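Analysis of the macromolecular model
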Amino acid sequence: MKSEFTGQYKSVDELIGMLRGQGLEIGDERSARNILTNVSYSRLKSYLIPLMDSRDEHRFRQGATFEQAYALYGFDRRIRELIFHEMEKFEISLRTHIAYATSGSENGYWYTNPDYFKNPREHEALLRRILGELNRSDNDTIVRFREKYSTKFPPCWLALEATSMGTLAFIYADMRPSPVKSRIADYYGVSEATLLSWIQHLVYVRNYCAHHNRLWNKRLAVTGLEPYTARDLVPEDGFGDPHRLYFTLCVLKYLLNTIKPDNNFAVKLRNLIDGFDVIDEESYMGFPKNWRSDPFWRVW
């Protein structure tokens, strides 16, 4: 049975006193006060919880420090930045390949034709969504198109430049099965179902990154499929638990190996993890024990 919330506002000094009373060591109180002044306790609390012996009793394990919690916060921010940056490459690639695969159809206006989609109502919603994004776009080419032409929609190779990754997922999900749809998935070396699951998973993760939400040890609700492909193209132990961040990182690495075969994603990831002693990538992120020696992640 739920109980009524009875919590009360606490000042920064009161928060520091409370944390010390719960067993957390604070080596540099001035630094901790500055951090709590600029990072709300509600946000930082998610990084304090892994240091607790008992969350219910609000007791920290012996030797746990405020500095360790802030290091977890810093790592989480850095890995979100890394994922967001690398995901941009896939987002641009996906836009390009949807445009390339369909540009020969109806002079680029295939996406306005409901015959290419499974559900007429969903297609109407899609067009409203695209039109809204086009109207909000300040892309120079799209602005010039609006100024020069009375045509409501630009051709797909231009319209897709204004669409969000969520809209790209919407488009691919509602496309009827066809050689065009297969051709897009074939480029990435996976099935249509796998590619769609990856797009939807990455949209979900991208939103966490864009809104600065905790991601490092999050149990991810929107998962993806593991590809059926040659074992030398995937990690030896597979992609792992699809609810853990390791799965996301495997998906990104797999896609980057196609988009940019000489990518240095593995180097960036290893350097990031090695730069934070407080990180246990196996327990909290789902990494297998021997991931560093796996050819998929090996740094040459």
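Report on the accompanying structure.

In terms of helices and strands, the protein chain carries 13 helices and two strands. Principal-axis analysis of the C-alpha atoms gives the protein chain an extent of 70 × 45 × 40 Å. Within the protein chain, buried positions represent 46% of all 300 residues. Total accessible area on the protein chain stands at roughly 16,100 Å², and carbon and sulfur atoms take up 48% of it. Computed over 40 positive and 39 negative side-chain charges, the separation of the two mean positions in the protein chain equals 3 Å.

For the rest of this paragraph, the subject is the packing of aromatic side chains. Evaluation of the coordinates by the stated rule reveals 24 aromatic pairs. When the centroid spacing of 6.1 Å and the interplanar angle of 45° are considered together, the rings of Phe265 and Trp297 count as tilted. Here Phe265 is found in helix α12 (residues 265-274), whereas its partner Trp297 is found in the segment after α13 (281-285), with 32 residues between them in sequence. For Phe265, a relative accessible area of 0% translates into the label buried. Using a relative accessible area of 0% as the deciding quantity, one classes Trp297 as buried.

Our focus in this paragraph is the side chain of Gln22. With respect to the helices and strands, Gln22 occurs in the loop between α1 (12-21) and α2 (29-38). The class of Gln22 is buried, set by a relative accessible area of 12%. In this structure, Gln22 is in contact with His58, Arg59 and Phe60, ignoring residues within four places of it in sequence.

Our next topic: the environment of Lys148. With respect to the secondary-structure elements, Lys148 resides in helix α6 (residues 140-148). Given a relative accessible area of 64%, Lys148 falls into the exposed group. Taking the C-alpha atoms as reference points, Lys148 and Ala230, 82 residues apart in sequence, are found 50 Å from one another.

Turning next to unusual backbone geometry. Even without being glycine, His58 reaches a positive phi, approximately 55°. Here His58 shows up in the loop between β1 (52-54) and β2 (59-60). Using a relative accessible area of 35% as the deciding quantity, one classes His58 as partly exposed. One non-glycine residue, His212, lies in the positive phi region at around 60°. Classification of His212 as partly exposed rests on a relative accessible area of 48%.

This part is about the packing of helix α4 (residues 66-102) against helix α10 (residues 192-210). In a pair of packed helices, the angle between the axes and the distance between the axes together describe the arrangement. It is the contact of α4 with α10, at a shortest axis distance of 10 Å, that shows an interaxial angle of 140°. Of the possible angle classes, the one that applies to α4 and α10 is oblique. For the pair α4 and α10, the sense of crossing is left-handed. Contact with α4, carried on its side by Arg80, Ile83, Phe84, Met87, Phe90, Glu91 and Leu94, involves Leu195, Ile199, Leu202, Val205, Arg206, Tyr208, Cys209 and Ala210 of α10 and no other residues of that element. Among the residues making up the contact of α4 with α10, the classes are represented as 12 nonpolar, no polar and three charged.

As a further point, take the nonpolar core. When a protein is soluble and globular, its nonpolar side chains tend to lie buried together. Ranked by internal contacts, the top residues of the largest apolar core, which has 95 residues, are Ile83, Leu249 and Trp297. The dominant element in this core, judged by the number of residues it contributes, is α4, at 14 residues.

Our focus in this paragraph is α10. Between its terminal C-alpha atoms α10 stretches 26 Å, which fits the 27 Å expected from 19 residues at 1.5 Å a residue. In the segment just after α10, His212 is the residue with positive phi, at about 60°.

To continue, consider the state of the cysteines. Applying the stated rule across the entire model yields zero disulfides. Left without a disulfide partner, Cys209 is nearest to the cysteine sulfur of Cys250, which lies 16 Å away. In this structure Cys209 comes out as buried when scored by relative accessible area, which is 7%.

In this section: helix α11 (residues 245-259). With 15 residues, α11 extends 21 Å between its outermost C-alpha atoms, agreeing within 8% with the 21 Å of an ideal straight helix rising 1.5 Å per residue. Extensive coverage of α11 is indicated by the burial of 12 of its 15 residues. All buried positions along α11 are accounted for by Leu245, Tyr246, Phe247, Thr248, Leu249, Cys250, Val251, Leu252, Lys253, Tyr254, Leu255 and Leu256.

Contact pair α4 / helix α9 (residues 179-187): the axes reach a minimum separation of 9 Å and the direction vectors enclose 145°. Of the two possible hands of crossing, α4 and α9 adopt the one that is right-handed. When α4 is examined against α9, the residues Ser93, Leu94, His97, Ile98, Ala101 and Thr102 are found in contact with a partner set consisting of Val180, Arg183, Ile184 and Tyr187. Class assignment for the residues of the contact of α4 with α9 results in six nonpolar, three polar and one charged.

About the thresholds
- Residues numbered from 1 in each chain as written.
- Predicted model: local features only at pLDDT ≥ 70, side-chain atom pairs only at ≥ 80, totals over all residues.
- Heavy atoms only, no water.
- Helix = DSSP H or I, 4+ residues; strand = E, 2+ residues; numbered from the N terminus.
- Buried < 20%, exposed > 50% of the residue type's maximum accessible area, 1.4 Å probe, protein only.
- Areas by Shrake-Rupley, 256 points an atom, 1.4 Å probe, with all protein chains shown as cover.
- Lys, Arg positive; Asp, Glu negative; His and termini not counted.
- Charge placed at Lys NZ, Arg CZ, Asp CG, Glu CD.
- Phe/Tyr/Trp six-rings, centres within 6.5 Å; stacked < 30°, edge-to-face > 60°.
- Contact = heavy atoms within 4.5 Å.
- Axes fitted to C-alpha atoms, helices over the stretch in contact; angles between N-to-C directions.
- Parallel < 35°, antiparallel > 145°, perpendicular 65-115°, else oblique.
- Left-handed = near helix turned anticlockwise from the far one by under 90°.
- Nonpolar A, V, L, I, M, F, W, Y, C, P; charged D, E, K, R; others polar.
- Core = buried A, V, L, I, M, F, W, Y, C linked by side-chain atoms within 4.5 Å.
- Expected span 1.5 Å × (residues − 1).
- Disulfide = S-S within 2.5 Å.

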